There are 2 protein chains.
Amino acid sequence: MDRLVESTRELLWERGYVGTSPRAIQQRAGAGQGSMYHHFSGKPELALAAITRTAAELRAEAERQFAAPGTAVERITAYLRRERDVLRGCPIGRLTQDPDVMADPALRRPVEETFTWLRTRLAAVLTEGRDRGELDAALDPSATASTIVAVLQGGYVLARAQNSPAAFTEAVDGALGLLSTASRTPRSG
Amino acid sequence: MDRLVESTRELLWERGYVGTSPRAIQQRAGAGQGSMYHHFSGKPELALAAITRTAAELRAEAERQFAAPGTAVERITAYLRRERDVLRGCPIGRLTQDPDVMADPALRRPVEETFTWLRTRLAAVLTEGRDRGELDAALDPSATASTIVAVLQGGYVLARAQNSPAAFTEAVDGALGLLSTASRTPRSG
């Protein structure tokens, strides 16, 4: 059952939803048709299991940085700067470009929930930072959180366009630069 | 010739490169095979003409906001807030998800050049704002420009994930909020 889900994840990544056939999933998993249909009603259920697992991994990885000690900006910096396979892209964000996934509310749901979770979690980190006096009181945690998630997703787009991870890095650097101008530093009057 | 390029643009948008056949282009343009091959050597050349035209339109539209009167932040606000068909997405950014376009250096070039132009142009607007004392002297115009372009591209991704333009608007609002904290306002010392 685990191999079926893993094979579906790989195929969704490589070929998209429309290019992933139940037969290809069985072949890659080395599973028979009977075994597959014993566990899953069909391709939509397998795809849902695959996307749900990818989403859970993404959250767990992000939570490691969000829950770490440090100021809000330090934790967000660790999150934005952590090692990524930039040219490969975001396994969840990429699904927004798969028309078959977006057209099925059940498959779109984990994608939507992942981004909602990310924005909510980042907003909580920013609110903490603001309440501790690390960040400007005028900063809107919720909108800023959306901006940070967008910078990551857009950074992947720019990196693909330039065929280089440098464009991603520059977008992240700019976001951290802006965030640092919103950090309350002692000012001489 | 113009109808052939327009038909290629529409088909690239609707079906992607691999789904756009020379035959479909001819049919949509109401052109014969002879006419098509009189003007274009084949699908790659038609696609290049289509992408180049889309890129030129995108630049012309953006330049309208960048070249307008006003402060740097005012012009960037007008650019980010101008009316967009958000759920449709960016016609250039979307090409980065088309593996056939990205695999062909000739087709990737106008995509890369468009983003390079956008970043360079935004960096010039930000540099102007910094030099006029509107923006914090510590602001890095080049990195900030990348961030702004990434916010737009990532905003489209978030909007598709939520199936709502609101996510795009929130990401833009957050970026403008950060930019306003980097604006030099009179401070009481």
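Nothing here was measured: the structure is a model prediction, and the numbers come from that model.

Let us now look at helix H4 (residues 43-66) of chain A. Counted at 1.5 Å a residue, the expected span for H4 of chain A with its 24 residues is 34 Å, and the 34 Å between its end C-alpha atoms agrees. Among the structural elements, helix H1 (2-15), helix H2 (22-29), helix H3 (33-39), helix H5 (72-81), helix H6 (99-103) and helix H7 (105-131) of chain A are those in contact with the buried residues of H4 of chain A.

So, on to the side chain of Arg108 of chain B. Counting through the fold element by element, Arg108 of chain B comes out in helix H7 (residues 105-131). Owing to a relative accessible area of 15%, Arg108 of chain B belongs among the buried residues under this scheme. Of the polar contacts made by the side chain of Arg108 of chain B, one reaches the side chain of Glu112 of chain B; its length is 2.8 Å. Those residues in contact with Arg108 of chain B that sit more than four places away from it in its chain are Arg160, Ala161, Gln162 and Asn163 of chain A together with Val101 and Met102 of chain B.

Those places that UniProt annotates as "domain: HTH tetR-type" (unreviewed entry) correspond, in this numbering, to residues 1-58 of chain A. Regarding residues 1-58 of chain A, the helix share stands at 78% and the strand share at 0%, and the terminal C-alpha atoms are separated by 21 Å.

At the interface, 41 residues of chain A touch 41 residues of chain B. Interface area, chain A with chain B, both sides summed: about 3600 Å², of which 61% is carbon and sulfur. Here chain A is connected to chain B by two salt bridges. Joining chain A to chain B, the criterion identifies 19 residue pairs in polar contact (both at pLDDT 80 or more). For the side of chain A that touches chain B, the secondary structure elements donating two or more residues are H7, helix H8 (141-162) and helix H9 (166-181) of chain A. Here the element with the most residues in the side of chain A that touches chain B is H8 of chain A; it accounts for 16 residues.

This part takes up empty space enclosed by the protein. A complete count under the given rule lists one cavity of 30 Å³ or more for this structure. In this structure, the largest cavity spans a volume of roughly 230 Å³. Looking at the largest cavity, it is lined by 22 residues, and the ones nearest its centre are Thr96, Gln97 and Val157 of chain A together with Gln97 and Val157 of chain B. Of the residues that constitute the lining of the largest cavity, the class distribution is six nonpolar, 10 polar and six charged.

Looking now at the UniProt feature "DNA-binding region" (unreviewed entry) in chain A. In this numbering, the UniProt entry assigns the feature "DNA-binding region" (unreviewed entry) to residues 21-40 of chain A. Within residues 21-40 of chain A, the helical portion is 75% and the strand portion 0%, while the C-alpha atoms at the span's ends are 14 Å from each other.

All names here are of chain A. One can find Ser146 in helix H8. Exposure remark for Ser146: the relative accessible area of 0% places this residue in the buried category. As a C-alpha pair, Ser146 and Arg9 span 137 residues in sequence and 27 Å in three-dimensional space.

So, how was this worked out
Residues numbered from 1 in each chain as written. Chains lettered and ligands numbered in written order. Predicted model: local features only at pLDDT ≥ 70, side-chain atom pairs only at ≥ 80, totals over all residues. Heavy atoms only, no water. Helix = DSSP H or I, 4+ residues; strand = E, 2+ residues; numbered from the N terminus. Expected span 1.5 Å × (residues − 1). Contact = heavy atoms within 4.5 Å. Buried < 20%, exposed > 50% of the residue type's maximum accessible area, 1.4 Å probe, protein only. Polar contact = N/O pair within 3.5 Å; in protein donor to acceptor, adjacent residues only side chain to side chain. UniProt positions renumbered as here; feature names shortened; annotations may be inferred. Buried area = accessible area lost by both parts, 1.4 Å probe. Salt bridge = Lys/Arg side-chain N within 4 Å of Asp/Glu carboxyl O. 1 Å grid on protein atoms, 1.4 Å probe; cavity = no way out; pocket = protein on both sides within 12 Å on 5 of 7 lines; lining within 4 Å. Points joined across faces, edges and corners; volume = space filled by probe spheres on them. Nonpolar A, V, L, I, M, F, W, Y, C, P; charged D, E, K, R; others polar.

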